[in-house]
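So you can see what is in the structure, the chains are spelled out below.
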Amino acid sequence: MAETSSRLAFVDAMKAVALQLIVLHHLAFYGPMSDQAYVLAPGLFSWLSEYARSAVQAFLVIGGFLAARSLAPAGVLLAAQPLALLRKRYLKLVTPYLAAVLIAIACAAIARVLMSHDSIPGRPTLAQVLAHALLLQGVLDYEGLSAGVWYVAIDFQLFALLLGALWLARGLGRQRRVALLGALLVGGLAAASLYHFNRDSAWDVWALYFFGSYALGVLTYWATHQRSAAGWLLLIAAVVVAALLVDFRSRIAVALLVALALGLASRGGFLESWPRSRAIAYLATISYSVFLIHFPVCLVISGLFWRFAGDDPRVNLLGVLVAWLASLLAGALFYRLVENPAQHGLRRLQPGARVMQRA
């Protein structure tokens, strides 16, 4: 499948909004500034701390939607060499991620000099760093060296699980049945996640815990390209609603809303065209860089305000806003100096790649 530079404006908008909520959630949940600023807006800080983290569901659903669009737009895996594609995905994720982990280690060391707070990750060991490099820190029960690094590992697992299911369907199914078998495999894994694995937090270091949300994106993409799209979307929604009746989880409800919004945008014809905004498109472009780098930046700024601003709520509220803006600026710089050059380098190393993953 040829690489394309076209953007999906609606997806960009969802990513941009979700990213801001995740950054603000971390600012409200971690660090001393929010503790002091809380008295000025207790309702807002409580909501950001408790509920804004659900925005990660948007990235899970969008990740599945874009993976389906790239890997198997008609339900049949296009990649001739799945292992090569999996290696490419690993390098795409890990190259900027490792740079961010090193920055996080340095920023945590600076933060320890400025303040003493339980939001600061501990001093890393070599084994811990290696586990992060292999995206196994959660599986091996190591403390994350930065907030959100767990998501990178889960993203890779989800991609691998989807790729494996599609490869298996292509190998087992007859020519006219491959797409159907692939949909059944993905749907079956999604149901297992929604009705079992996602109800047990012991599984939250594995892709199966999150696959229900990811598969909602995959299945929504396929459904919207069928003649009876509305019927398929209603079926998907019914399965999820039934899972919520068995065990209500707000995160799954959010994932369903995101999937239905994507389906509506796709069938309504405004997925690619609305909203038109260069600022939103840019925020979506740098979203991975901001996600990787924002927590180390927030740690250092928290330390500076802790050391020099004291416990004045208004000054600490200003610190939260400064940290938010600084996270965006740092993400833009990280994208320009690290992520974008790294992706260009990977493309030069693999000029013959047949499938371009655009998640």
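Quick caveat, the model's predicted, so the values are computed rather than measured.

A. How the structure looks around the pattern of salt bridges. Taken as a whole, this structure holds 5 salt bridges when the rule is applied. Among the salt bridges present, the one from R53 reaches E50, with a minimum N-O distance of 3.6 Å. On the accessibility criterion, E50 (41% relative accessible area) is partly exposed.

B. How the structure looks around the packing of aromatic side chains. This structure, assessed with the given rule, holds 13 aromatic pairs. Ring centres of F197 and W203 lie 4.6 Å apart, and the angle between their planes is 75 degrees; on these two criteria the pair is classed as edge-to-face. Ring pairs connect the aromatic residues W150, Y151, Y209, F210 and F291, which therefore count as one cluster. Cation over ring: R89 sits above F159, and NZ or CZ is 5.2 Å from the ring centre.

C. Unusual backbone geometry, seen in detail. In this structure, the amide linkage connecting W274 to the following residue, P275, adopts the cis form with an omega of -5 degrees. Turning to its location among the elements, P275 is positioned in the loop between α11 (250-268) and α12 (278-285).

D. Region of interest: the packing of helix α8 (residues 178-195) against helix α9 (residues 207-224). Relative to each other, α8 and α9 sit at 140 degrees, their axes nearing to 7 Å. Relative to α9, the element α8 lies oblique. Crossing of α8 over α9 shows left-handed handedness. On α9, the residues that touch G182, A183, V186, G187, L189, A190, S193 and L194 of α8 are L208, Y209, F210, F211, G212, A215, V218, L219 and W222. Taken together, the residues of the contact of α8 with α9 break down into 13 nonpolar, 4 polar and no charged.

E. Looking closely at the confidence of the model for the protein. When pLDDT is averaged along the protein, the result is 90; 94% of the residues meet or exceed 70. Within the protein, α9 carries the highest mean pLDDT (96), whereas helix α2 (residues 32-37) carries the lowest (88). Taken together, the stretch residues 1-5 has pLDDT below 50 and engages in 12 contacts with residues farther than four places along the chain or on a different chain. Confidence drops under pLDDT 50 across residues 351-359; counting only partners more than four residues distant or on other chains, this segment forms 35 contacts.

Here is what the cut-offs are and how they apply
- Note that residues are indexed from 1 along each chain, following the sequence as it is written.
- This being a predicted model, a pLDDT of at least 70 is required before a residue's local features are given, and a value of 80 or more before pairs of side-chain atoms are given or counted; all residues contribute to the totals for chains, interfaces and linings.
- Heavy atoms from the whole structure form the basis of all side-chain values; hydrogens and water molecules are not counted.
- Any carboxyl oxygen of Asp or Glu that lies within 4 Å of a side-chain nitrogen of Lys or Arg is treated as forming a salt bridge with it.
- For the exposure calls, accessible area comes from a 1.4 Å probe over protein chains only, and a residue counts as buried if that area is under 20% of its type's maximum, exposed if over 50%, partly exposed in between.
- A pair of Phe, Tyr and Trp rings is counted when the ring centres sit within 6.5 Å of each other, with Trp represented by its six-membered ring. The angle between the planes then sorts it: under 30 degrees is stacked, over 60 is edge-to-face, the rest tilted.
- By definition here, charges over rings are those cases where NZ of Lys or CZ of Arg is within 6 Å of the ring centre and within 35 degrees of the ring normal.
- Helix numbering and strand numbering both begin at the N terminus, where a helix is a DSSP run of H or I of at least 4 residues and a strand a DSSP run of E of at least 2.
- Here an axis means a line fitted to C-alpha atoms, over the contact stretch when the element is a helix, while the angle between two N-to-C directions is reported on a 0 to 180 degree scale.
- Here the angle decides the label: under 35 degrees means roughly parallel, over 145 means roughly antiparallel, 65 to 115 means roughly perpendicular, and every other value means oblique.
- In a left-handed crossing the near helix is turned counterclockwise from the far helix by less than a right angle, and in a right-handed crossing that turn is clockwise.
- Whether two residues are in contact is decided by their heavy atoms: any pair within 4.5 Å suffices.
- Each residue is assigned to one class: nonpolar for Ala, Val, Leu, Ile, Met, Phe, Trp, Tyr, Cys and Pro, charged for Asp, Glu, Lys and Arg, and polar for all the others, Gly among them.
- pLDDT gives the predictor's per-residue confidence on a scale running from 0 to 100.

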